[in-house]
Structure formats: structure tokens, C-alpha cells
Amino acid sequence: MTVPSTLRRGRIRIHPLVVRVTHWVNAYAMICMIMSGWKIYDASPLFPPLFFPAWTTLGGWLGGAIAWHLAAMWLLVANGLLYLAYGLIGGHFRRSFLPLSPAAIWQDLKAALSFKLGHRLGHYNAVQRLLYVAVLLAGVLAVASGLALWKPVQLNFLSSLFGGYEITRRVHFVAMSGIVGFVVVHLALVLLVPRTLPPMITGTAKDEP
């Protein structure tokens, strides 16, 4: 779990600068990718009854949406590699997302459903750790399947790994849906516990007893 460091009397450091910067860059890149991706989806829907309203999309038309999608993809990948390097080398993943066990997840999930789950700034409970690990994996899946869709000939091995172009489209859609679901839950939790937002901007918070 995260171990906040003491700055001065009454203040603790919650989120390092690297985590804050990559968080907000990732948020911007993901919004661009999701909205432009929805415009691309509307041009050739996987599930015809499902369309995304124009106001939720980005790019204006198919070509514009693809341009936005590819530009945001490189930003997302570069930012993701920086976060991945910091998480692995700096120990951020180990401190924040481990340990993770089925028993701990079940215990915290029951507490959350009964509104008895406490929250301490800088500490992730088992359910939060599971969600963060899941969205990281969904991000990797989205990038890999997206590359296979972008270059199905050059990256034929990757497309074949997913089972072909059409199956890859569905994998990409499922990965995107998982990320959107995480964003919805994440924003809902921020609304329920708004004091978690300022530390992601400033990096610090008042020490809790």
C-alpha cells in the first residue's frame, strides 16, 4: 500500500509528482481516445442498435476521428511507459497495489456494500487495488488490440493472436468498455469522497489521526 511521507507538521505527501503528472496526462489522452473511438465505432458499428450521440464523440468525421485517435494513442503509450517504468523501478506498484488476495477483496467488498468500508488518504483498500490492476491490464489489452487493428498486415502475428480482425475489434471494444466502466466508478468514488481529489493536484493532504 502507499506509504505517505511526512512533509511538515500536519501535512503528508500522498502522491509523488510522477504519479500526478501521468494521471492527468492519461486522463486527457483517454478522453480523446474514447471519444474519437466512439466516432470511429459509429462509422462501422459492431452492434447496430448501439450508436454514440455526436456530442459524445470527437473528430467530426471518420478521418478526423482517426487522426485524433492516433495522436492520442502515442501520447497514451509514451505516458503509460513512463508510469510503468516508475511503477516497476520505483516500487509504486508494489507499495500501492500489493498485497492482493481473494479473501481481502471479498472482505472489503462486503464492507463497501454495507457502507462500512473506511478510507484513509494514501491507502488503497483491496477492492481499489483490484480495480487499478484490472484497468492497467485493460489498458494494455486496448493498446495491443488497437495496434493490431491499425496495422493488421504489418502486425499480422498480433491480429492472429487475437483471432483475426473482427474478433480483435470486439476485444478492443470490450477493453474500452472496461476502461469506461472504471472511469465511471472512479468518478463516483471521487464524488463520494471529494477530499481525495486535492492531493492528486497538490500531492499533499492534512495528516489524519
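Everything discussed here concerns the structure shown above.
My aim in this report is to walk through the structure given alongside it, one point at a time. As the structure is a prediction and not an experimental result, all values here were calculated from the model. (Residues numbered from 1 in each chain as written. Predicted model: local features only at pLDDT ≥ 70, side-chain atom pairs only at ≥ 80, totals over all residues. Heavy atoms only, no water.)

Observations concerning the environment of A134
Okay, step 1: With respect to the helices and strands, A134 occurs in helix 5 (residues 126-150).
Okay, step 2: You can call A134 partly exposed: its relative accessible area is 39%.
Okay, step 3: Sequence spacing of A134 and V184 is 50 residues, and the spatial spacing of their C-alpha atoms is 14 Å. (Helix = DSSP H or I, 4+ residues; strand = E, 2+ residues; numbered from the N terminus. Buried < 20%, exposed > 50% of the residue type's maximum accessible area, 1.4 Å probe, protein only.)

Digging into the pattern of salt bridges
Okay, step 1: Applying the stated rule across the entire model yields 2 salt bridges.
Okay, step 2: A salt bridge links E166 to R169; the shortest N-O distance between them is 3.7 Å. On the criterion of helical spacing, the pair formed by E166 and R169 is a turn pair, its members being 3 residues apart in helix 7 (residues 165-192).
Okay, step 3: For R170, the salt bridge is made with E166, and the minimal N-O distance between the two is 3.4 Å. Placement of both R170 and E166 in helix 7 is noted, with a separation of 4 residues, approximately one turn of the helix.
Okay, step 4: Looking at R170, the relative accessible area reads 37%, which means it is partly exposed.
Okay, step 5: Bridged by salt links that share partners, the residues E166, R169 and R170 form one connected network. (Salt bridge = Lys/Arg side-chain N within 4 Å of Asp/Glu carboxyl O.)

Topic: the environment of S36
Okay, step 1: Among the structural elements, S36 can be located in helix 1 (residues 17-43).
Okay, step 2: Not counting the four nearest positions on each side in its chain, S36 is found in contact with L58, A65, W68 and H69.
Okay, step 3: Within the local environment of S36, its side chain forms a polar contact with the backbone oxygen of C32, the two atoms lying 2.7 Å apart.
Okay, step 4: A distance of 3.2 Å separates a polar atom in the side chain of S36 from the backbone oxygen of M33. (Contact = heavy atoms within 4.5 Å. Polar contact = N/O pair within 3.5 Å; in protein donor to acceptor, adjacent residues only side chain to side chain.)

Some thoughts on a nonpolar patch on the surface
Okay, step 1: Together, L81, L84, L88 and I89 make up a nonpolar patch on the protein surface, roughly 460 Å² of accessible area in all.
Okay, step 2: Inspection of the secondary structure assignment puts I89 in helix 2 (residues 62-89). (Patch = residues over 30% accessible without salt bridge, like charges linked within 9 Å, V, L, I, M, F, W, Y side chains within 5 Å. Areas by Shrake-Rupley, 256 points an atom, 1.4 Å probe, with all protein chains shown as cover.)

Considering the side chain of R169
Okay, step 1: For R169, a relative accessible area of 18% puts it in the buried group.
Okay, step 2: Of the polar contacts made by the side chain of R169, one reaches the backbone oxygen of S44; its length is 2.4 Å.
Okay, step 3: Once residues within four sequence positions are removed from consideration, R169 is found in contact with S44, P45, L46 and L149.

Things to note about the nonpolar core
Okay, step 1: Core analysis: the largest hydrophobic core is formed by 25 residues, its most contacted members being F97, F173 and I179.
Okay, step 2: If you list the elements that add at least two residues to this core, you get helix 1, helix 2, helix 3 (92-97), helix 5 and helix 7.
Okay, step 3: With 7 residues, the top contributor of residues to this core is helix 1.
Okay, step 4: What I179 contacts, discounting residues up to four positions off in sequence, is M30, I34, V135, A138, G139 and A142. (Core = buried A, V, L, I, M, F, W, Y, C linked by side-chain atoms within 4.5 Å.)

What to know about the packing of aromatic side chains
Okay, step 1: Across all of its chains, the model carries 11 aromatic pairs by this definition.
Okay, step 2: Taken together, a centroid distance of 5.8 Å and an interplanar angle of 80° make the contact between W74 and W150 edge-to-face. With a gap of 76 residues between them, W74 in helix 2 and W150 in helix 5 connect regions that are remote in the sequence.
Okay, step 3: Among the residues examined, W150 registers a relative accessible area of 34% and is labelled partly exposed.
Okay, step 4: Taken together, the aromatic side chains of Y83, F93, F97, Y124, Y132 and F182 make up a single cluster linked through ring pairs. (Phe/Tyr/Trp six-rings, centres within 6.5 Å; stacked < 30°, edge-to-face > 60°.)

Considerations on the packing of helix 1 against helix 7
Okay, step 1: At a closest axis distance of 11 Å, the pairing of helix 1 and helix 7 adopts a crossing angle of 130°. Comparing the axis directions of helix 1 and helix 7 gives the class oblique. As helix 1 runs across helix 7, the sense of the crossing is left-handed. Seen from helix 1, the contacting residues are H23, M30, I34, W38 and Y41; seen from helix 7, they are F173, M176, I179, V180 and H186.
Okay, step 2: By residue class, the composition of the contact of helix 1 with helix 7 is 8 nonpolar, 2 polar and no charged. (Axes fitted to C-alpha atoms, helices over the stretch in contact; angles between N-to-C directions. Parallel < 35°, antiparallel > 145°, perpendicular 65-115°, else oblique. Left-handed = near helix turned anticlockwise from the far one by under 90°. Nonpolar A, V, L, I, M, F, W, Y, C, P; charged D, E, K, R; others polar.)

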